[in-house]
Amino acid sequence: MSIDVFIMGGVFIFIHLFANELIPSNRIHRLKWFSFSGGLAVSYVFVYVLPTLHKEQILVKKYGDYFTMESELYFIGLLGVLMFYGVQKVVRKAQLNDKTHKARTLFWLQIAFFGLYNMLVAYTVISHNVFGVQAVFYGLAVGLHFIAVAHDLWREYSDIYNQVGRYVLALGIVAGWIMGVAVNLTPLTESIIFAFISGAMILNVLKYELPPDDEAHFPTFATGVIVYTTITMSLKFFFQW
């Protein structure tokens, strides 16, 4: 494990433990913060996640003759969307029906899923050997994404999140570290994991990080998109990321 990945993982753990302390308390500043964060996250999806998923889809052709289409990994990504959306839908339905006890119980299921999500994201970072400036830019986008997700979970049931939930999510990062260091998976398995996480991340970015119309500050959002995309695409062009 490189020092870059070690530092990035430590930052991710810190984020889950203290996410709400990092968000401005002033409403206007908070809306601008989430708008800028959402811009970075959307840019990250389009300039890194989708191109990398396409690259992985091309590579799976080398894994065996049983891959005959050009969409196997995209299907795995769709399963990631379906599973995470399904869990969130069940929790929201219980909340809307005012079934407090059931909703709180199901919230634990949501925490468990995001713990798994964190583990697979951490493993993916290690398995793709992200380091240096690349680690800074990709770590920034993922870190802000984690803050948005953690804040949304905290808003639902702050007591559960503060007492146990944030530690489960932080342990997910640690588990991903251990998995990345101790387990050698096949390239095909790594591609499947990346595809599944990509689908879940796209859903979570659009769901958690795109602020509603009445809470969005479009100039700040656009600034986040333009700045992150410009810098990342420039680095891709000059350094062949």
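The rules behind these values
- Residues numbered from 1 in each chain as written.
- Predicted model: local features only at pLDDT ≥ 70, side-chain atom pairs only at ≥ 80, totals over all residues.
- Heavy atoms only, no water.
- Core = buried A, V, L, I, M, F, W, Y, C linked by side-chain atoms within 4.5 Å.
- Buried < 20%, exposed > 50% of the residue type's maximum accessible area, 1.4 Å probe, protein only.
- Contact = heavy atoms within 4.5 Å.
- Helix = DSSP H or I, 4+ residues; strand = E, 2+ residues; numbered from the N terminus.
- Axes fitted to C-alpha atoms, helices over the stretch in contact; angles between N-to-C directions.
- Parallel < 35°, antiparallel > 145°, perpendicular 65-115°, else oblique.
- Left-handed = near helix turned anticlockwise from the far one by under 90°.
- Nonpolar A, V, L, I, M, F, W, Y, C, P; charged D, E, K, R; others polar.
- 1 Å grid on protein atoms, 1.4 Å probe; cavity = no way out; pocket = protein on both sides within 12 Å on 5 of 7 lines; lining within 4 Å.
- Points joined across faces, edges and corners; volume = space filled by probe spheres on them.
- Phe/Tyr/Trp six-rings, centres within 6.5 Å; stacked < 30°, edge-to-face > 60°.

(A) Region of interest: the nonpolar core. Counting 67 residues, the largest nonpolar core has Tyr44, Phe84, Phe114, Tyr117, Phe146, Leu153 and Tyr228 as the members making the most contacts within it. Ignoring any residue separated from it by four or fewer positions in sequence, one finds Phe114 in contact with Phe84, Gln88, Val149, Leu153, Leu169, Asn204 and Tyr208.

(B) Geometry of the side chain of Thr52. By the element assignment, Thr52 lies in helix H2 (residues 27-59). Excluding its chain neighbours within four sequence positions, the residues that come into contact with Thr52 are His128 and Phe194.

(C) The arrangement of the packing of helix H3 (residues 72-96) against helix H7 (residues 187-209) in detail. The geometry of H3 relative to H7 is characterised by a closest axis approach of 7 Å and an angle of 45° between their N-to-C directions. Accordingly, the angle class assigned to the pair H3 and H7 is oblique. For the pair H3 and H7, the crossing hand works out as right-handed. Together, Leu73, Ile76, Gly77, Leu79, Gly80, Val81, Met83, Phe84, Tyr85, Gln88 and Arg92 of H3 and Ser191, Ile192, Ala195, Phe196, Gly199, Ala200, Leu203, Asn204, Lys207 and Tyr208 of H7 make up the contact between the two elements. When the residues that make up the contact of H3 with H7 are grouped by side-chain class, the tally is 13 nonpolar, six polar and two charged.

(D) Representation of the layout of surface pockets within the structure. Empty space within the largest pocket amounts to approximately 350 Å³. Together, 15 residues line the largest pocket, and Phe34, Arg155, Tyr208, Pro212 and Glu215 are the ones closest to its centre. Broken down by secondary-structure element, the contributors of at least two residues to the lining of the largest pocket are H2, helix H5 (132-156) and H7. Taken together, the residues of the lining of the largest pocket break down into seven nonpolar, one polar and seven charged.

(E) Spotlight on the packing of aromatic side chains. Using the criterion set out here, one finds 10 aromatic pairs in the structure. Ring centres of Phe84 and Phe114 lie 5.7 Å apart, and the angle between their planes is 70°; this geometry places the pair in the edge-to-face category. With Phe84 in helix H3 and Phe114 in helix H4 (residues 100-127), the pair connects residues that are 30 residues apart, well separated along the chain. Accessibility assignment for this pair places Phe84 and Phe114 in one class, buried. A network of ring pairs unites the aromatic residues Phe84, Phe113, Phe114, Tyr117 and Phe196 as a single cluster.

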